[in-house]
Amino acid sequence: MSTLLEVKRMETFYGKIQSVRGVDFTVKQGEIVALLGANGAGKSTILKTISGLIRPAQGSIALMGEDLTKKEPHTIVEMGVVHVPEGRRVFGGLAVTENLELGFFIKKRDKAKLAQNLDMVFQMFPRLAERRKQMAGTLSGGEQQMLATGRALMSEPKLLMLDEPSMGLAPIVVIDIMKIIKQINQQRGTTILLVEQNAKAALKLAHRGYVLETGSITMEDSAGNLLADDNVVKAYLGVH
Ligand SMILES: Nc1ncnc2c1ncn2[C@@H]1O[C@H](COP(=O)(O)OP(=O)(O)O)[C@@H](O)[C@H]1O
Ligand SMILES: [Mg+2]
């Protein structure tokens with residue numbers, strides 16, 4: 001498998017406070033990679049740095065060999081890196097379909113392609129299809145997560161970055177969301193970088209995982225090995 005994303009020696013600061021301390025990791029084409037760690041470990045900061053929302057002080061971020069560290073966020077999106085932020089951030093006063101249309105910025109005037117991608121998202125998320133005229137603000141948390149994820153798929157990302165998709169959702173809804181993430185990877189071949197505090201749920205579908213502690217990666221292994229090691233799960237990943 002070829003490398004899609006390669007992060008080397010990433011260092012990110014907020015003012016004088018360092019939140020990411022020399023992080024190295026890779027995501028290969030077609031993989032689901034879990035980035036795990038407790039609250040405050042630096043997971044969201046890493047995704048924001050990849051997206052170009054924060055500049056790294058040091059290090060490189062390459063997408064298929066092309067450096068992202070000096071690119072504008074919108075250029076990074078156009079290159080195929082789409083970030084679904086923590087807390088979903090759907091437009092509550094807009095209908096489901098309108099939210100999805102806002103995710104379509106490739107080939108803006110291509111109406112046929114827009115319709116085709118809307119169909120694709122509605123097939124992937126039948127619950128959204130049933131609610132296409134409903135205001136996003138009136139959807140449940142799980143449905144809003146589906147909408148935020150569907151909106152990201154509208155632009156056919158090469159790399160989909162999901163920040164804590166399970167946050168605040170009931171366990172049964174978490175299972176639904178995780179199934180859909182797996183389906184996106186298997187059916188569309190989309191490469192996924194999945195940030196989660198819910199390590200068990202994430203490792204059940206990821207191929208590999210990295211554990212982040214106070215801004216540094218302390219462990220890296222196949223998802224199976226991380227999940228099988230009870231001590232690892234208890235000591236570093238919390239019990240969920
Ligand atoms: N906007 C900010 N300004 C200053 N410090 C921040 C900001 N955002 C996050 N941090 C700090 O950076 C560290 C990592 O945060 P974050 O990346 O949000 O962690 P995680 O997503 O793993 O919970 C934490 O210590 C947090 O307090
Ligand atoms: Mg976070």
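Each chain carries its own residue numbering, running from 1 in the direction its sequence is written. By the order in which they are written, chains take letters starting at A while ligands take numbers starting at 1. The model is predicted, so local features are restricted to residues of pLDDT at least 70 and side-chain atom pairs to those at 80 or more, both for listing and for counting; the totals for chains, interfaces and linings are taken over all residues. Excluded from the side-chain calculations are hydrogens and water; all other atoms, namely the structure's heavy atoms, are used.

### Describing helix H6 (residues 141-153)
Here is step 1: Secondary structure follows DSSP: runs of H or I at least 4 residues long count as helices, runs of E at least 2 residues long count as strands, and numbering of each begins at the N terminus. Helix span, as expected, comes to 1.5 Å for every residue beyond the first. A rise of 1.5 Å per residue sets the reference length of H6, with its 13 residues, at 18 Å; its end C-alpha atoms lie 18 Å apart and thus fit the reference within 8%.
Here is step 2: To sort residues, take the accessible area from a 1.4 Å probe on protein chains only and compare it with the maximum for the residue type: under 20% means buried, over 50% means exposed, and anything in between is partly exposed. Taking burial as the measure, the 13 residues of H6 include 12 buried ones, the bulk of the element.
Here is step 3: Listed as buried for H6 are Gly142, Glu143, Gln144, Gln145, Met146, Leu147, Ala148, Thr149, Gly150, Arg151, Ala152 and Leu153.
Here is step 4: In what follows, a contact means two residues having at least one pair of non-hydrogen atoms within 4.5 Å. Residues of H6 that are buried in the fold lie against strand E6 (81-84), helix H3 (96-102), helix H4 (111-124), helix H5 (126-130), strand E7 (159-163) and helix H7 (171-188).

### Remarks on the site of ligand 1
Here is step 1: Around ligand 1, a shell composed of Tyr14, Ser19, Ala38, Asn39, Gly40, Ala41, Gly42, Lys43, Ser44 and Thr45 is seen.
Here is step 2: Contacts described as polar in this section are N or O atom pairs within 3.5 Å, which, within protein, must combine one atom able to donate a hydrogen with one able to accept it, while residues neighboring in sequence count only if both atoms come from side chains. Within the contact set of ligand 1, an oxygen atom lies 2.8 Å away from a side-chain nitrogen or oxygen of serine 44.
Here is step 3: Each accessible area value is a Shrake-Rupley result obtained with a 1.4 Å probe; residue values ignore everything except the protein chains displayed when judging cover. In isolation ligand 1 has 560 Å² of accessible area, and contact with the protein removes 60% of it.
Here is step 4: Counting residues per element, the shell around ligand 1 draws most heavily on helix H1 (residues 43-51), which supplies three residues.
Here is step 5: Residues are grouped as follows: nonpolar covers Ala, Val, Leu, Ile, Met, Phe, Trp, Tyr, Cys and Pro; charged covers Asp, Glu, Lys and Arg; every other residue, Gly included, is treated as polar. Broken down by class, the residue content of the shell around ligand 1 amounts to three nonpolar, six polar and one charged. Nearness is defined per residue: one heavy atom within 4 Å of the molecule or strand is enough.

### Quick word on the layout of surface pockets
Here is step 1: Only protein atoms enter the 1 Å grid, on which a cavity is a set of points fitting a 1.4 Å probe that cannot get out and a pocket is an open set with protein on both sides within 12 Å along at least 5 of 7 lines, lining residues being those with an atom within 4 Å of a point. Grid points are joined across faces, edges and corners, and a volume is the space filled by probe spheres set on the points. Put simply, the largest pocket is a space of about 590 Å³.
Here is step 2: The wall of the largest pocket is formed by 23 residues, among which Val77, Val82, His83, Pro85 and Arg151 lie closest to the centre.
Here is step 3: Among the elements of the structure, H1, helix H2 (73-78), E6 and H6 are those that each provide at least two residues to the lining of the largest pocket.
Here is step 4: For the lining of the largest pocket, the per-class residue count stands at 12 nonpolar, five polar and six charged.

### A few points about the packing of aromatic side chains
Describing an aromatic ring pair means giving the distance of the ring centres and the angle of the ring planes.
Here is step 1: Centres within 6.5 Å are what make two rings of Phe, Tyr or Trp a pair, Trp counting through its six-membered ring; a difference in plane orientation under 30 degrees is then read as stacked, over 60 as edge-to-face, and the rest as tilted. Tallied over the full model, the rule gives one aromatic pair.
Here is step 2: Here the guanidinium or amino end of arginine 132 rests over the ring plane of phenylalanine 122, the centre of that ring lying 4.1 Å away. Here, a charge over a ring is recorded when the distance from Lys NZ or Arg CZ to the ring centre is within 6 Å and its angle to the ring normal is within 35 degrees.

### Notes on the coordination of the magnesium ion (ligand 2)
Here is step 1: Donors, by definition, are the N, O and S atoms found within 2.8 Å of a metal, the threshold being 3.2 Å for Na, K and Ca, and water is not counted, so a site can look incomplete. Around the magnesium ion (ligand 2), the protein contributes the donor atoms Ser44 (OG) and Glu86 (OE), at 2.0 to 2.2 Å from the metal centre. Of this pair, serine 44 sits in helix H1 while glutamate 86 sits in the loop between E6 and H3; the two residues are 42 residues apart in sequence, bridging distant segments of the chain.
Here is step 2: Judged by its relative accessible area of 31%, glutamate 86 is partly exposed.

### A short note on the packing of H6 against H7
Here is step 1: The angle between two axes is taken between their N-to-C directions and runs from 0 to 180 degrees, where each axis is a line fitted to C-alpha atoms and a helix contributes only its stretch in contact. Interaxial distance between H6 and H7 falls to 10 Å at its minimum, and their mutual angle equals 15°. Taken together, the axes of H6 and H7 lie roughly parallel to each other. Of the two possible hands of crossing, H6 and H7 adopt the one that is right-handed. Only Val173, Ile177, Ile180 and Ile184 of H7 make contact with H6, whose side of the interface consists of Gly142, Gln145, Met146, Thr149 and Leu153. Should an angle fall under 35 degrees it is called roughly parallel, over 145 degrees roughly antiparallel, and 65 to 115 degrees roughly perpendicular, with every other angle called oblique. Two helices crossing with the near one rotated counterclockwise from the far one by less than a right angle form a left-handed crossing, whereas a clockwise rotation gives a right-handed crossing.

### A look at the sheet that holds strand E10 (residues 216-222)
Here is step 1: Ordered in space as E6-E7-E8-E3-E9-E10, the six strands form an open sheet in which the pairing is mixed. The sheet is open, and its two borders are formed by E6 and E10, each paired with just one other strand. Here the average twist between neighbouring strands, direction ignored, is 15°.
Here is step 2: One ladder, built from five bridges, connects E7 with strand E8 (residues 191-196); its direction is parallel. The residue bridging methionine 161 from the neighbouring strand is leucine 193, located in E8.
Here is step 3: Its contacts with the sheet place H1 against strand E3 (32-36), E6, E7, E8 and strand E9 (208-213), and it is angled at close to 145° to E7. Strands are labelled as partners when DSSP assigns at least two bridges between them.

### Brief notes about the pairing of E8
Moving residue by residue along a regular strand, the side chains alternate between the two faces of the sheet.
Here is step 1: For E8, the tally of buried residues reaches six of six residues, placing the bulk of the element in the interior.
Here is step 2: Of the two faces of E8, the one holding Thr191, Leu193 and Val195 and the one holding Ile192, Leu194 and Glu196 are both buried throughout.
Here is step 3: Sheet topology places E3 next to E8; five bridges connect them, and they run parallel. What sits directly across from isoleucine 32, in E8, is isoleucine 192.
Here is step 4: Assessed by its sense of winding, the connection that carries the chain from E7 through H7 to E8 is right-handed. Throughout, right-handed denotes a crossover for which the path from the first strand over the helix to the second runs clockwise when the strands point away from the viewer.

The values are spatial; any link to function lies outside them.
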